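Letter by letter, the chains look like this.
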Amino acid sequence: MSVLLKVERLDKFFGGVKALVGVDIDVKTDEILGVIGPNGAGKTTLFNVVTGFEPPTRGSVFFDGHEITQRPVYRVCQLGIARTFQNIRLFGQMSVIDNVMVGMHSELKTSLLGIILHLRSHMSKEKGAYLKAMKILDFLGLHEVVTELSSNLPYGMQRKVEIARALSSDPKLLLLDEPSAGMNPQEALELMALIGEIRKLGPAVVVIEHNMQVVMGISDRIVVLNFGEKICEGTPEQVQNTPCVIEAYLGKEEESDASGN
Amino acid sequence: MFLQYLINGISIGSVYALIAIGYNMVYGILELLNFAHGDVYAVGCFVTLALIAAKQNVVVAILGGFAAGFLINLIVERFAYRPVRYSGRVTPTISAVGIAYIMRNVILLVWGPETFAFEIGIKNTHVKVGNIVFGTLQIYILLIAIALMVLIQLLLKRTKQGQAVLAISQSIPTAALMGIPVNRVIAAVYGLGAGLGVLGGILFCAYYESIFLGIGFMLGTMKAWMSSIVGGIGSLKGAVIGALILGLTESFVSGYISTAYRDAFVWGFFIVFVLIKPRGLFPAQISEKV
Amino acid sequence: MQGSRSFFPKSLFFFIAALFIPLAITNDYHLRVVNMVVLYSIVALSINLIVGFSGQLDFGRSAFVGVGAYWSAIMMQRFGFPFLPAFLSAGMICALVGAGLGLLCRKSSFDYLTLITIGFNEMCRLIFLNWQSVTNGAMGLRKVPPPVIFGYVFDTNVRYFYFSLILLSLCYVLIRRITESKLGRAFQAIRDDPIAAAYSGISVPDYKVLNFAVGSFFTGIAGSAMVHYTQYASPYNYTLDESIYILQMVILGGLGSLPGSILGTALLVILPEISRTFYEYRLASVGLLMVFMMMWAPNGILGRQGVGEKVIGLARFLPVRRKAPQEKGRGVS
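These numbers come from a predicted model, not from an experiment.

**A short note on the overall build of chain B**
Line of reasoning, step 1. In terms of helices and strands, chain B carries 11 helices and 4 strands.
Line of reasoning, step 2. Computed over C-alpha atoms, the radius of gyration of chain B comes to 19 Å, within 12% of the 19 Å expected from 2.2 N^0.38 for 290 residues, which places it in the range of a compact globule.
Line of reasoning, step 3. Along the first, second and third principal axes, the C-alpha set of chain B runs to 60 × 50 × 35 Å.
Line of reasoning, step 4. Per-residue burial over chain B gives 52% buried out of 290 residues.

The following block contains the structure:
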């Protein structure tokens, strides 16, 4: 397994606020990496900087052999990274299938001439894209709502559409930002299984999660962030037993005693 | 000549400033487009005109106009803007355009498309210093604009009501959760914005000694909008400075380049400015979270 | 994908039915109104592409109509160009200007775009009004020659009707194909969520420019077609109010619905003709329409979840309801 994504000494400061401090992370092809940490630890910022949405204050990001530090978002995604968001970002006025087909934007090579003349080459590519999108939606159990307006769907299904869209570009790396947010335990378990299935399709996955059951269950390795720093890294078992991690979430022992524990 | 253009620029800029303050109250503080600002306050100005024609006292006429603008905006806000407040950016904008048209039609029906004389007893006496001419009214306008700006800034920062407005500009749901009567405050801001616009409009008409239905849109909405953007969205001080800059630009372009194409050049400069400094000169900080 | 054939016969049906209009409408003035509906529909479609599909609130479209009109008229009148080159070059020039404007605005946020397009409209109007030597100023250009294609002169209302009908149909098909393609999806993605669009590999600023350019091409074509019909170009025709009025046609029909644009145009062009009240109180009528529509029917008549859908919601045969526009085009070559 080689290194797919390399984050090197990443700093991100917003004025005086240190969102990321000296973060070093390696993501290997084929692995599922969990990222956990208390709220405000810098997890989403990590995604933002890695994907180019925010420029880092210092440090570099390498993906698949290329340096992608400060490259614009759309370029980074064309190289093979796809992402979902903490607050779902769907194309609300478009149907589910259209949402997914947008994800294929960079692979679908069509020309203006092909479009306006409905050339055979264009039409067959469109059809191919359509079928692929349907397959992905089928895989996620969304085949019944394919033509539904995406903003009409219940929350859990919208999440899945977002994931479908991310998958449609055949990404090498999938970044999921709190995918189980807002889900009940049942749905969260289904999500776990889903991510396991996705992994078989190919991409490496990095998951930001608060749901410990989910993240401990699916991750090969876990990285723990607190106040922008990586405080721990290892397998789920290792991380669960590290004192500094427990401290980050629950506070120091004295404080727990003070609240009557 | 340069000094004359400078004086003219500052004068007209001050008028714009007065109107821009009213506009910016809603646009800058609440980030809601106020496309109908100009046309609403134009109605108020015409009410003042009507009251003067009905032989009312100047102060009464001005207050009447202010009240008219205030009330109209309250009603408009309640029935046309509030229902669509959360419907994206396009919908409320179109609503406002609709209101602007309705207001314009009202003026057209009641008063007509002609230009009327506007005499409210505030005489613009001309003072000559060297070979520069300026009017006392111009000075009053500038002073009033600055005074208002300072006053409103103080009110916003120091009073409970002002704090409420600022809170709403940050986050409406949070403000509501804090117990702030959001709807009432927003309505009041709209009303006050219109009232201030009426005052600005009245002074504008007094300065040019005439009034017609066009003073609304181009002057009020457009120039006020431009001033707010140049000065920086969310900043009253910015609106005033932006207005002055706008006035100066108009004056110098008119004087040195061309009167016919004046607006074309001003728009051109404005577009270039917006591209270089999209947030304006003194922007308040707002960014989108992902 | 088998449902795709459903839209094709519908449009074809309307087209064939429309061919008979000059037989049904013999009053010359009425036919003239119909011609204006057809021509304005092309402008409306182009606005829909820009405002409806890409979410760029352009308040200055009329400027482009004017640019297309003046360019085309001047090419024919002053430089002796034949119609087709003048006509097509008008489209190309507008596409270029549109691209230029798009380049200026591509990183601007929503509000700025609206203001900049208003400014552009004003600038154009002033140029049309003051550049005496080229545009003849306030007098405008008169006796603009009618279209001549391979010797056939379109100088009667009836002949012009067929010219504009075919033009509208071509533009409709082209724009439809664009909206149902990857391009159209990218535009809509930009409208709905520019950040997510970027994360889908779309270079948002570039596509905004492309959208402006393509849309402006059609606006320019329409402008040219109009001026050779009315045979008169005046700076008083290409104002901000005109822009807003045509925009209103698109909104009435439903942003994002191409048939809606034609319907909205028909309504707002014909209404002032048949209703004296509407015409006299035009400002207030349109104003009230806008206000009430935004409150109760922001998606217009034929827009998704618009008035039409709500009223006819139970009809099973109407493919408008809950079907992605992508579905309809597939398989049709």
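So, next bit.
**Description of the overall build of chain A**
Line of reasoning, step 1. Scanning chain A for helices and strands turns up 11 helices and 10 strands.
Line of reasoning, step 2. Over its C-alpha trace chain A gives a radius of gyration of 20 Å, about what one expects of a compact globule, namely 18 Å for 261 residues.
Line of reasoning, step 3. C-alpha extents for chain A along the principal axes are approximately 70 × 40 × 35 Å.
Line of reasoning, step 4. Every one of the 261 residues in chain A was classed for burial, and the buried ones make up 44%.

**Observations regarding the nonpolar core**
Line of reasoning, step 1. Counting 271 residues, the largest nonpolar core has Ala 17, Ala 20, Ile 21, Cys 45 and Val 240 of chain B together with Ile 42 of chain C as its most contacted members.
Line of reasoning, step 2. When residues no more than four places from it in sequence are discounted, the contact partners of Ile 42 of chain C are Leu 167, Leu 168, Cys 171, Phe 218, Ile 221 and Ala 222 of chain C.

**Thoughts on the pairing of strand 4 (residues 58-63) of chain A**
Residue and element names in this part refer to chain A.
Line of reasoning, step 1. Bridge analysis of strand 1 (residues 3-14) against strand 4 gives 5 bridges, and the strand direction is antiparallel. Within strand 4, the position partnered with Leu 5 by the bridge is Phe 63.
Line of reasoning, step 2. The pairing of strand 4 with strand 5 (residues 66-67) spans 2 bridges and is classified as antiparallel. Bridged to Phe 62 within strand 5 is Glu 67.
Line of reasoning, step 3. Between strand 4 and strand 5, which pair antiparallel one after the other, the connecting turn spans 2 residues, and Asp 64 there sits at a positive phi close to 50 degrees.

**Quick look at the interface of chain C and chain A**
Line of reasoning, step 1. Contacts between chain C and chain A engage 30 residues on the former and 32 residues on the latter.
Line of reasoning, step 2. For the side of chain C that touches chain A, the secondary-structure elements that each account for two or more residues are helix 8 (157-179), helix 9 (182-192), helix 10 (194-198) and helix 17 (325-329) of chain C.
Line of reasoning, step 3. Ranked by residue count, the leading element in the side of chain C that touches chain A is helix 9 of chain C, at 7 residues.
Line of reasoning, step 4. Split into classes, the residues belonging to the side of chain C that touches chain A amount to 12 nonpolar, 8 polar and 10 charged.

**Quick word on helix 11 (residues 262-276) of chain B**
All names here are of chain B.
Line of reasoning, step 1. Under the 1.5 Å per step criterion, the end-to-end length of helix 11 is 21 Å for 15 residues, consistent within 8% with the ideal 21 Å.
Line of reasoning, step 2. Listed in full, the buried residues belonging to helix 11 are Asp 263, Ala 264, Val 266, Trp 267, Phe 270, Ile 271 and Val 274. Projected down its long axis, helix 11 shows its buried positions confined to an angular sector of 165 degrees, all on one face. In helix 11, the exposed residues that point more than 90 degrees away from the buried face are Val 272 and Ile 276.

**Some details on the sheet that holds strand 1 of chain A**
Line of reasoning, step 1. In space, the 4 strands of this open sheet follow the order 2-1-4-5 (chain A), with antiparallel pairing throughout. At either end of the open sheet lies a strand with only one pairing partner, and these are strand 2 (17-28) and strand 5 of chain A.

**Remarks on the sheet that holds strand 6 (residues 81-83) of chain A**
All names here are of chain A.
Line of reasoning, step 1. Read across the open sheet, the 6 strands follow the order 6-7-8-3-9-10; overall the sheet is mixed. Among the strands making up the open sheet, the edge pair consists of strand 6 and strand 10 (229-234). Across the sheet, the mean angle separating the axes of adjacent strands is 20 degrees when strand polarity is ignored.

**What to know about unusual backbone geometry**
Line of reasoning, step 1. In this model, Asp 30 of chain A sits at a positive phi of 75 degrees, which is unusual for a non-glycine residue.
Line of reasoning, step 2. Position of Asp 30 of chain A relative to the elements: it lies in the loop between strand 2 and strand 3 (32-36).
Line of reasoning, step 3. We note that Gln 231 of chain C has phi near 60 degrees; this positive angle belongs to a residue other than glycine.
Line of reasoning, step 4. When you line up the elements, Gln 231 of chain C lands in the loop between helix 11 (204-230) and strand 4 (232-233).

**Here we look at the environment of Leu 252 of chain C**
Line of reasoning, step 1. Inspection of the secondary structure puts Leu 252 of chain C in helix 12 (residues 240-253).
Line of reasoning, step 2. Ignoring sequence-local partners within four residues, the contact set of Leu 252 of chain C consists of Gly 264, Leu 267, Leu 268, Met 293, Gly 300 and Ile 301 of chain C.

**A closer look at the packing of helix 4 (residues 61-77) of chain C against helix 6 (residues 110-130) of chain C**
Residues and elements named next belong to chain C.
Line of reasoning, step 1. At their nearest, the axes of helix 4 and helix 6 sit 8 Å apart, and the two run at 35 degrees to each other. Two packed elements cross with a definite hand, and for helix 4 against helix 6 that hand is left-handed. Contacts from Ser 62, Ala 63, Gly 66, Val 67 and Tyr 70 of helix 4 reach helix 6 at Phe 120, Asn 121, Cys 124 and Phe 128.
Line of reasoning, step 2. Classifying every residue of the contact of helix 4 with helix 6 by side-chain character gives 6 nonpolar, 3 polar and no charged.

**Brief notes about the pairing of strand 7 (residues 173-177) of chain A**
All names here are of chain A.
Line of reasoning, step 1. Within strand 7, 5 of the 5 residues are buried, leaving the element largely enclosed by the surrounding structure.
Line of reasoning, step 2. By the bridge criterion, 3 bridges tie strand 6 to strand 7 in an arrangement that is parallel. Bridged to Ala 82 within strand 7 is Leu 174.
Line of reasoning, step 3. Of the strand pairs in this sheet, strand 7 and strand 8 (residues 204-208) are connected by 5 bridges, and their pairing is parallel. By the bridge assignment for strand 8, Leu 174 is matched with Val 205.
Line of reasoning, step 4. Traced from strand 7 through helix 7 (residues 185-201) to strand 8, the parallel crossover comes out right-handed.

**Observations concerning helix 4 (residues 90-110) of chain B**
All names here are of chain B.
Line of reasoning, step 1. The end-to-end C-alpha distance of helix 4, which contains 21 residues, comes to 31 Å, matching closely the 30 Å that a straight helix rising 1.5 Å per residue would cover.
Line of reasoning, step 2. Of all 21 residues in helix 4, 17 are buried; the element is thus mostly enclosed.
Line of reasoning, step 3. Count one or two residues on from helix 4 and you reach Gly 112, which has phi positive near 105 degrees.

**Describing the confidence of the model for chain B**
Detailed reading of predicted coordinates is not advised where the pLDDT is low.
Line of reasoning, step 1. With 94% of its residues at a pLDDT of at least 70, chain B reaches an overall mean of 83.
Line of reasoning, step 2. Both scores are given for the predicted complex: the pTM is 0.88, the ipTM 0.91.

**Regarding the confidence of the model for chain A**
Line of reasoning, step 1. Mean pLDDT for chain A: 88, with 95% of residues reaching 70 or above.
Line of reasoning, step 2. Confidence over residues 255-261 of chain A falls short of pLDDT 50; this stretch has 3 contacts with residues more than four positions distant or in other chains.

**Things to note about the packing of helix 12 of chain C against helix 13 (residues 258-274) of chain C**
Helix-helix packing is characterised by the crossing angle of the two axes and by the distance between the axes.
Residue and element names in this part refer to chain C.
Line of reasoning, step 1. Viewed as axis vectors pointing N to C, helix 12 and helix 13 meet at an angle of 125 degrees, and their least axial separation amounts to 7 Å. The orientation of helix 12 relative to helix 13 falls into the category oblique. As for the relative orientation of helix 12 and helix 13, their crossing is right-handed in sense. In contact with Tyr 245, Gln 248, Met 249, Val 250, Leu 252 and Gly 253 of helix 12, helix 13 contributes Gly 260, Ser 261, Ile 262, Leu 263, Gly 264, Thr 265, Leu 267 and Leu 268.

**Considering the environment of Leu 263 of chain C**
Residues and elements named next belong to chain C.
Line of reasoning, step 1. In this fold, Leu 263 is placed in helix 13.
Line of reasoning, step 2. A residue is classified by how many C-beta atoms lie within 10 Å of it, and Leu 263, with 21 of them, is buried.
Line of reasoning, step 3. Along the sequence, Leu 263 and Met 123 sit 140 residues apart, while their C-alpha atoms lie 31 Å from each other.
Line of reasoning, step 4. Residue contacts for Leu 263: discarding those within four places in its chain leaves Gly 253, Ile 301 and Leu 302.

**Some points on the environment of Gly 119 of chain C**
Line of reasoning, step 1. Position of Gly 119 of chain C relative to the elements: it lies in helix 6.
Line of reasoning, step 2. Along the primary structure Gly 119 of chain C and Gly 60 of chain C are separated by 59 residues, whereas in three dimensions their C-alpha atoms are 7.8 Å apart.
Line of reasoning, step 3. Once residues within four sequence positions are removed from consideration, Gly 119 of chain C is found in contact with Trp 267, Phe 270 and Ile 271 of chain B.

Criteria and cut-off values
- Residues numbered from 1 in each chain as written.
- Chains lettered and ligands numbered in written order.
- Predicted model: local features only at pLDDT ≥ 70, side-chain atom pairs only at ≥ 80, totals over all residues.
- Helix = DSSP H or I, 4+ residues; strand = E, 2+ residues; numbered from the N terminus.
- Rg over C-alpha atoms; globule rule 2.2 N^0.38 Å.
- Buried ≥ 20, exposed ≤ 12 C-beta atoms within 10 Å, placed from the backbone.
- Core = buried A, V, L, I, M, F, W, Y, C linked by C-beta atoms within 7 Å.
- Contact = placed C-beta atoms within 7 Å.
- Pairing = 2+ DSSP bridges.
- Nonpolar A, V, L, I, M, F, W, Y, C, P; charged D, E, K, R; others polar.
- Expected span 1.5 Å × (residues − 1).
- Arc of directions from axis to C-beta.
- Axes fitted to C-alpha atoms, helices over the stretch in contact; angles between N-to-C directions.
- Left-handed = near helix turned anticlockwise from the far one by under 90°.
- Right-handed = clockwise from strand over helix to strand, strands pointing away.
- pLDDT = per-residue confidence, 0-100.
- Parallel < 35°, antiparallel > 145°, perpendicular 65-115°, else oblique.

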